[in-house]
Each structure stands twice: as C-alpha cells, then as structure tokens.
Amino acid sequence: MAEQEAPAGGAEDRAPASLAVILLVSVLVVATCGLVYELLAGTLASYLLGDSVTQFSTVIGTYLFAMGVGSYLSRHVRSNEMGVFVRVEILIAALGGWSAAGLFLLFPVVEDFRIALYGLVVAIGVLVGLEIPLLIRILRYRFAFRDLVSNVLTYDYIGALIASLLFPLVLVPRLGMIRTGFVFGLANVGVAIALLVVLRGRQRVGGDLLAALVVLASLLAGLAGADHILRWSEVAFYGEPVIYARSTPYQRIVITRRGEDLRLYLNGNLQFSTRDEYRYHEALVWPVLGRVANPREVLILGGGDGLAAREVLKDPRVGHVTLVDLDPEMTHLFRDEPSLARLNGGSLGSPRMQVVNGDAFRWVRQARGRYDAILIDFPDPTEFSLGKLYTESFYREVARLLGPAGVLTVQSTSPLVAPRSYWTVASTLEAAGLKARGYHAYVPSFGEWGFTMAAHQPPGDAVRLPAGLRFLTQASERAMFDFPPDMARRPTPVNRLDNQALVRSFAEEWGRYDG
Amino acid sequence: MAEPTRRQVLKGAAAGAGALALPGCTPTTFPGTLGGADWQRGHRVRDGGFPAPQGQAEDAAIVIAGGGAAGLAAAWRLKDAGYSDFVLLELEDTVGGNARSGRNAVSAYPLGAHYLPVPNREAHALRHMLQGFGMIVGEADGAPVYDPYQLCADLEERLLWRGSWQEGLYPASGLTADDIAQRDRFYREMADFRQGVGSDGKPAFAIPRAYSSNDPRFTSLDGMTFAHWLDGRGFTSPVLRAYLRYCCRDDYGTEPERISAWAGVHYFAGRRGWAAGGDGDRELTWPEGNGRLASLMGKAVAPHIRSGQSVFSVVREGDSGALVTAFDHAAGVSRQWRARTVIMAMPHFVAARVAPAETVKGALRYAPWVVANVTVNRQPRGRGSALAWDNVSTGSDSLGYVVATHQSGSAGDGPTVLTWYMALSREEPAQSRKLLATRPLAEWQRIVADDLLAMNPDLAGAIERIDVWRWGHAMVSPAPGFLSDPARLAAIAAKPPLLFAHSDLSGLSLFEEAHYRGVVAAEAALAHLGHPFESLGA
C-alpha cells in the first residue's frame, strides 16, 4: 500500500518517534471509547425504551453500519489526514462525551426519542468509522504493511475487550452512565490534545487546540455537574427502565417496568408496584365493603389507575361506581392502554363505572349523591394543594355524601414512619363528626402502610370478605387493626385548611426518615 | 396544549437558567387589555360640559351617589332595615369601586382590593353582614365561627429573600443580632399599642377608626411621619425598615416618609380580629378578592342600582332635601332626582366638584396603583417554600402577587391567574398619574412580566396574557395631620339632608372603614326620615 501513492501531507513521515507511540496508544483509546459509546447508547435505549434485545440489536446494528459509512467516507479525505483525525477526535469527544447526559435530558422533552437516539448513534458511528482508516493511513510509513494491520487491529480488539469488561463491571455501577460518557469523552479529547501538542511546532494548530480545550472544559463541567444533570433528567432517577413518561397539566406520570414488575410514579412518588399492589388495594377496599350491608353506590376519590375500582367491581352487590380523578390523561391511559387496562381488569371501562375528571376538592362541595362506601385514595400530602384533600372541611363534605350506614376509608401514609401524620387523619375525620378507626398492612414496596376507616357509627369488627382474596382473610383482617406501641395512637392536631398541620408534619416525619 | 406540556417538563432549574440567559426569549407583548376607572367619565365631572337636565325630577327619599364599597354598604344597610325608597347612582357600568373584579376562562380575579381581615369586635355592622352572606357560619365559645372555605387557606404568605422563598413576610435568615433585637422590640411596642386604652376608655387603635381613642397620648403620633417616628425610636434596622416600607405601600400606597405615624402604628396595632378557634388573625379571601363582597352587596340591592350615571351636581334645597343631577351615559341625557336625603358615597376630591358648597378644602392625597392580572398556564414554584396565596419579593419594587385559585381548588399545578400589585409611590402622585394615563399597555406588560420572571424564572414561557388595570386615585393616603384634616372632619360632621360616606372620612382606605361609613350614613338617613330601625351599633 505504501507504494501506491506519495503521502499527501508529508509532515508525519518526519515526525518524532513519540508520535508513533501516541498514535498506537490512541488506537487503543479510540477503540475503547468507540465501544463504550455503543454500549452506552444500547443500555440507555433499553433503559428508557424497554425491550433490551431489540434496543441492543438495533443500536449495535446501526452503529456498525454507520462505522462502515465512516470507513467508506474516509476515501474522500485526500490530504492532511492527521488534521482530520484530530478534528474527528474532538467531535467524537463532544458527541460521545455528552451522549448519555444528552439522551437523558432529551428523553422527556422530545416528541420522538428514537430520532434523537439513532441520529446520535449514526453520527458517532460515522466518526468512529473514520478513525481506523485514517490512523492506518497516517501510520503507513512507520510500519511494514503486515505489522501495521496487525498492530492496529490488535490494539483495536484489545480496546474492545477493555471496554466490554469495564462497562458492566466498573463503569455503570461505579460511575453511572452520565459520568461514563464524560470520562470517555475526556479520553478522546485527550488524544486530540496530545497529538496537537506534538504537532505544535510543525503545523498551525491554534484553532483546533482552542476547540479541543472548549470541549475539554465542557466535559469537565459536565462531569462535575453530573449529579445536577441526573436530577434534571429525572428518567435516570428511577431504579427501573422507564416505559412511559408524560407531563400532564397536573402531574408527571412515569411508568417503569423491570421484568414482570410494573410501577407507576406520580411526580416521582411510587403509587403502586404490580408485585404487591393487591395487598394495598385489598386492604383499601375490602374492610370497607365487608362492613357495608348493601354497597350499591360506591365513590372513589383519586385512584385514577383503576386498581381500587377493580376490587370494588368484583363485588356483585355494587351497582354503580363513581370515580373522581383530577387528571383525564391518567384515567384515559389506564382505560385505553391494553397492558394497563389488564392490570385493573378493565375497571375504568366497565358499564358500572362513571369516571369524573375534576378536582375532588371542588367536586365534593357541589356533589349531591349518597354513597354506601367511599374510598379515598389520594397521593400523600406532600404539598399544600394535596393537603387540602385531608382537611376537616373536606371530610365534612365527604361525611355529607356518606349514607347513614356507609363506611369510608382514607389511605393515610405510613403509621410507622409518620405516626403523627397518620393519626392526624383520624383526628381530622373525628373533628368532622365521624367515628374513625385505624388499620394498617404491610406492602413491601411501601413498607408498613396505614388506612383510616370512618363512619357515622363506630365501625365494628364484623366483616364479610369474599372468597379468593390473596391477602385478606378474617384473621389477617382482624390483625390489621392491632397497633404495636411504635405505631400506637397519639394526640395530634386537626388538619384544617388554614393550618395544614398534616403537610407540615408529613414533611417533617418523612424528612427525618429519608435523612 | 402539547407545546406547554412539553415545555413544562423542563424542570424549574433548566427553565430558569434559560430565562436568565435569554431574556430576549420572553415575548415583549402579550395578549391583554388596558383598563381602569373610567377616566373620561371621571374627568368630565371635573371639566363639566354636561347637557342641561331633561324632564321632571324623579323623587326618591334617598339617593346614594356612588356605588363603591361605602355606597353599597349604605344601600345594604337600608335594605337590611327594610327600607326601599332609594336609588344608587354609579358612574361606572358596574358597581364595586376598588372591590371590582374580573373573570376569564381560568378564574375570577380581583382588580383591586382582595381580602378582608377577620373584623374586630367593634365592627358590629360588618359582622352582621358577613353572617347574612354565609361567611360567619356559627358561634363557638361566644365568638363567631368563620367559614373555613373563605378563610385564607394555608400557606398564606411567602417571601423571596436571598434567593429562596420562605414562609411569612418577615425575613427569617441572615439577620444580625441588632436586626433581631429591633424586630422584637418593634413587635413588643406594637403589642403594647394594640392593648393600649386611652383616657377616654377607648382602645388606642380601632377598626373602624372612629372607635379609636382621642387621647393625645396616641393622636399626637399624627403630628409626624411614620419614618420620623421610627427614627426617633431607634428603629433603624434596614431589614425592619424594608418590611415596614412594604407594609405602608401595601395598605396605604405610600412611603413611610409620607404617612402619619398614627396610621403607621394603626397598621400593626389596629387589628384585634375576633373569631372562635384562634382564627382572629386570619383573612377572608376569594378568587375575585373583595369583588365577592361587592357582588353580594350589589345583588342584595340590585333593583335600586342605576349604573352609568355620572352624578355631576348635588345642590342642597334648604333642610328639606337636595337636587341631584346626573348624566346618563347610555341615553346621553342628564336627569334629576329630588331627594330628601343624599348620601355622597364618593371620594372627597370628586365630592368637592359635585357639591362644592358642601365640602371644605383639605389636604387629602391619593395614591395611584397598577394592578395586573397575569394568566399563566402553570402555577409558580421556586426554591424553598411552596407557593402561597400572597407572594412577595424583597428584591422587587412591586408588592408581589396573589394567586386567584388559592382558595378554590386542590390541583397542585395547572393554570391560574396571578394578581400583581404595584403602588406607584416613588414619584409624586400627580407625576405617577400622568404615567398611568400615557404609558402604553405593552410597556406595562413588559414591566409586569420582567418583575414576575425575576421572582419566578420558572414561569418562563408560562404567561398567556397580562391584563393591566390602572387606578389613578386608588386610595387615600393618611398623611401627617390627617386626623384633624378639615375636609375629613367636615364630611363626618355633615347632617341630613346631605351626608357623606366614604373611607376618605376615616382617612384609611380599608373595606371596614368604607362599610362603617356607609352604615353610619344610612342610619343617619333613616333616622332623618323617621324610619324605625335597630342601630347596628355604628
């Protein structure tokens, strides 16, 4: 090959021996970096889009093809191979270094994430594909062709081995994906800067050096700010692959899945995990329905996932369910998306179901019905706006809607983590003129979880449970009403619109627990 | 909807950084309207040129000239006493005055006054009205129980201080030992004033003001400015003074250097709200602000209201009554009413033009305000404390914003209307009024948007429209000497057939004062006409 044509640049053949060493090391580096970017893209894609076989397969295929395109395009580099190589390195450093952070940040804001993902994979692939042909051409006067091919490919494959071992064993667990990207971007730009320093005496490198330093600075800044980026890119915040994420005017809905475990998060707070939600929903629903002689009319406040409704509709005595949830996107999602509707047994589409999309705080004030059972399943009182749904004023309206022999229940946070908050719900229901009784259940993904039952008359012990429940039996139901000392009732203030005592104690108790 | 939703997920910090880095990205004009008290009608009363009255004068036992809070309160009082031979003439097309409100698809919102503190024990008539309006719902331990839905919900106030929002309006961090000592001493002295009783056995500071003691120990405060009094008492802490300046501008529209020390102390020492369950220090508020009170009063007397009527002349006819001439804007003609009693429920500067023979010249001054209602497609957030009803920034010359949907819903996000307030107290009122008359809508909108985005960079891209409302004479400013202002005293002393009812008579632009003056005038008119009634203790 060396015989075919004279070198176009001509500078490299007189370059010092150190350049050859740097160039061979850079083969190792660029090979490692190239594979790391490929692995990052594949992992990110399966993490964000689910279905890892498909994602890895398509990402790797696209990447390899793009490398082929890059190799092909290398023939159009007719002169100054070294200069082009340095620029390619700088570009790869910028794109590859920011790839993970960029994809995380882009995921929630772009319409079609795949376009961003594959666009980036193709761009990096093309650039990486340019690297080896250019290096071979640069080094062609330094080694016999036989040695050259051997050297380059050996380093290339060693780099691949290093990357593929480091990536799952060290990089992802230790650094995380965002930092890994930045670290390897730094390696790429390091190669570029080393070459520029060596070439400094013989070529004008000012512009390239400036560009390299800018990229270096941006990568260092990204590395330092990786935690912030992680926080902004909330997707990376979930422990499991995200399969759905959407911002509605009211909240951020995120659904994740790992294996069989599907989870719903609202504003980052776990709402259910399919592994154990039956425990939660059986405990929410059946102690109430089992204490009502004839639950014809049932009201569910919150619970837009339809899981509580699923339990309610199992009861043939129930004639009609009204479910009030703020967010139409939530109830539409759990009614129309087959995989989610399967979870709630199609409860939201049932002919016995009436879904009202509205603010429950306003709805209860103008509602006129009478309900035999009311299930209140709102998110935890993390904000003042949500705290309004746990106030004496709100419960007074709810009490008005509760039939004389009706029973209601309220999901009321953890009596173990936040006992004062938990018992505030009971105190508040009592201030609204109801008789309240607490009970709790163990739900592994939440921990020890509390509910508060209330009625116009003190709720009794007698309960009728249907056959076929997975969690509740007569004995386990009875046990739920027993509170050991660490969760025992204690005096609390009444939560009112004008003191929001619950929001404050909730923040304090959970803040202490979370550290 | 897709666009804002997408943008919404850019978390606050990212959006904030964008807003700071790219101020040019905030559109310079927004949809919106430029409104305000009808100046053309108002100035025509000043400049004259109305046609001569047509037809026979109509007879009415009582004519109430003016449908702001005082005029409406007078009408409400007459109705409440079972009296119905009266008309209320209002210059604008809708009654309510400062308590008017607006409404769009997102929410109702105030155009001016937006809350009523739980009234003091001495405000009998007001409490009677609140009971009738369902705002007082019962009694517990001998004290009135207020409807919790109408009391301002927690969180009531937050302050942007040193880059982060905190609860309450007084800075809680970064204070020097001296700041803290002065603050505590100030509160102690105000608590003493609040409990103070004069040699006449009356509370030192009361609401309505008329119940306050005339003991010179307290009234002598009217001889100096609030700033002067603070200086003399050694209240020099910049944090304290900034807070007090905010309070003066918020309640009086004026700087501490321009208000009477009596009024300054009254702000802190006058309120002893009386309610069961520890609600005495709370406020009643509604999405439309005091528009709720105005519309309930207006509804109660609706058949008596004639709007779009510029009363431009009131002439006494001996002791038997007065002749009221008004221009009907819809019909384009002037008409007359012959009344046995006239209640002049208008600010003093207007009354002086309508009935020059009946008023005395005084030194009352009025503060100009701008109120902007900003419709946003998502609720403001910010570092630190969560969104409150009233949100104030120490770094802004505005008085901050209140959230119209604070009371009405529990949706933590979603669209709302922010009512933004600015007292134009830096310049002389006349200069500021000129600004009000000439500055175009787009410029006001830019000022409002810049101020709001400085407080809440998270609102970048969330502003949908800005409706600006101008108040040339928003409120009377209680300058030193206001307690003995001859204009005020003459109006208070007026006897039938010509009475005055306006918060100007108190010198403090508070709903309680306007209501009290309306009730007093109405009862004086009823007594004059021989209609039996049980006084509401006014």
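Residues numbered from 1 in each chain as written. Chains lettered and ligands numbered in written order. Predicted model: local features only at pLDDT ≥ 70, side-chain atom pairs only at ≥ 80, totals over all residues.

Student: I'd love a proper account of the overall build of chain A, names of residues and values included.
Tutor: Summing up its helical and strand segments, chain A has 17 helices and eleven strands in all. Its C-alpha atoms give chain A a radius of gyration of 31 Å, more than 25% over the compact-globule value 24 Å for 515 residues. Considered along the principal axes of its C-alpha atoms, chain A spans approximately 100 × 40 × 40 Å. Here chain A holds 515 residues, and the buried ones make up 49% of them. Taking the intrachain contacts of chain A between residues at least 6 apart in sequence as the baseline, contacts between residues at least 24 apart amount to 74%. (Helix = DSSP H or I, 4+ residues; strand = E, 2+ residues; numbered from the N terminus. Rg over C-alpha atoms; globule rule 2.2 N^0.38 Å. Buried ≥ 20, exposed ≤ 12 C-beta atoms within 10 Å, placed from the backbone. Contact = placed C-beta atoms within 7 Å.)

Student: Can you break down the sheet that holds strand β9 (residues 402–411) of chain A residue by residue, with the values?
Tutor: Residues and elements named next belong to chain A. As summarised here, the arrangement of the seven strands in space is β7-β6-β5-β8-β9-β11-β10, forming an open sheet in which the pairing is mixed. Each having just a single partner strand, β7 (353–357) and β10 (435–443) make up the two edges of the open sheet. When strand polarity is set aside, the average angle formed by the axes of neighbouring strands in this sheet is 15 degrees. Of the pairings in the sheet, the one linking strand β5 (residues 297–302) to strand β8 (residues 371–377) comprises five bridges and is parallel in character. Paired with Gly302 across the two strands is Asp377, which belongs to β8. (Pairing = 2+ DSSP bridges. Axes fitted to C-alpha atoms, helices over the stretch in contact; angles between N-to-C directions.)

Student: Please give an account of the nonpolar core that cites residues and values.
Tutor: Within the largest apolar cluster, 235 residues are counted, with the highest numbers of intra-cluster contacts made by Leu408 of chain A together with Val63, Ala65, Ala74, Ile343 and Met344 of chain B. Tallying contributions element by element places helix α16 (residues 511–529) of chain B first for this core, with nine residues. Excluding residues that lie within four positions of it along the chain, Met344 of chain B makes contacts with Ala65, Gly66, Val314, Ala351, Ala355, Leu498, Leu499, Phe500 and Ala501 of chain B. Ranked by size, the runner-up nonpolar core spans 74 residues in total, among them Ala45, Val88, Leu117 and Ala187 of chain A. (Core = buried A, V, L, I, M, F, W, Y, C linked by C-beta atoms within 7 Å.)

Student: Please set out the packing of helix α3 (residues 81–106) of chain A against helix α5 (residues 145–199) of chain A residue by residue, giving values where relevant.
Tutor: Residue and element names in this part refer to chain A. The interhelical angle for the contact between α3 and α5, taken along N-to-C directions, is 165 degrees, at an axis separation of 8 Å. In this view, α3 runs roughly antiparallel relative to α5, as classed from their interaxial angle. The crossing of α3 and α5 is left-handed. Classifying every residue of the contact of α3 with α5 gives 20 nonpolar, seven polar and one charged. (Parallel < 35°, antiparallel > 145°, perpendicular 65-115°, else oblique. Left-handed = near helix turned anticlockwise from the far one by under 90°. Nonpolar A, V, L, I, M, F, W, Y, C, P; charged D, E, K, R; others polar.)

Student: For the environment of Phe272 of chain A, give the residues involved together with the corresponding values.
Tutor: Residue and element names in this part refer to chain A. Secondary-structure assignment places Phe272 in strand β4 (residues 269–273). When the 20 C-beta atoms within 10 Å are taken as the criterion, Phe272 is described as buried. Taking C-alpha positions, Phe272 is 51 Å from Val86, a pair spaced 186 residues apart along the chain. In contact with Phe272, other than residues within four places in its own chain, are Arg263, Leu264, Glu277, Tyr280, Asp305 and Leu307.

Student: An account of the domain arrangement of chain B is needed here, citing residue identities and associated values.
Tutor: Residue and element names in this part refer to chain B. Considered domain by domain, chain B is made up of domain 1 (2–30 + 366–477), domain 2 (47–101 + 288–363 + 479–529) and domain 3 (157–164 + 171–275). Computed over C-alpha atoms, the centres of domain 1 and domain 2 are 34 Å apart. Contact with domain 1, which involves six residues of that partner, is made by eight residues of domain 2. Counting residues per element, the side of domain 1 that touches domain 2 draws most heavily on strand β20 (residues 463–477), which supplies five residues. Residues belonging to the side of domain 1 that touches domain 2 are distributed by class as follows: four nonpolar, two polar and no charged. (Domains from an automatic or database assignment.)

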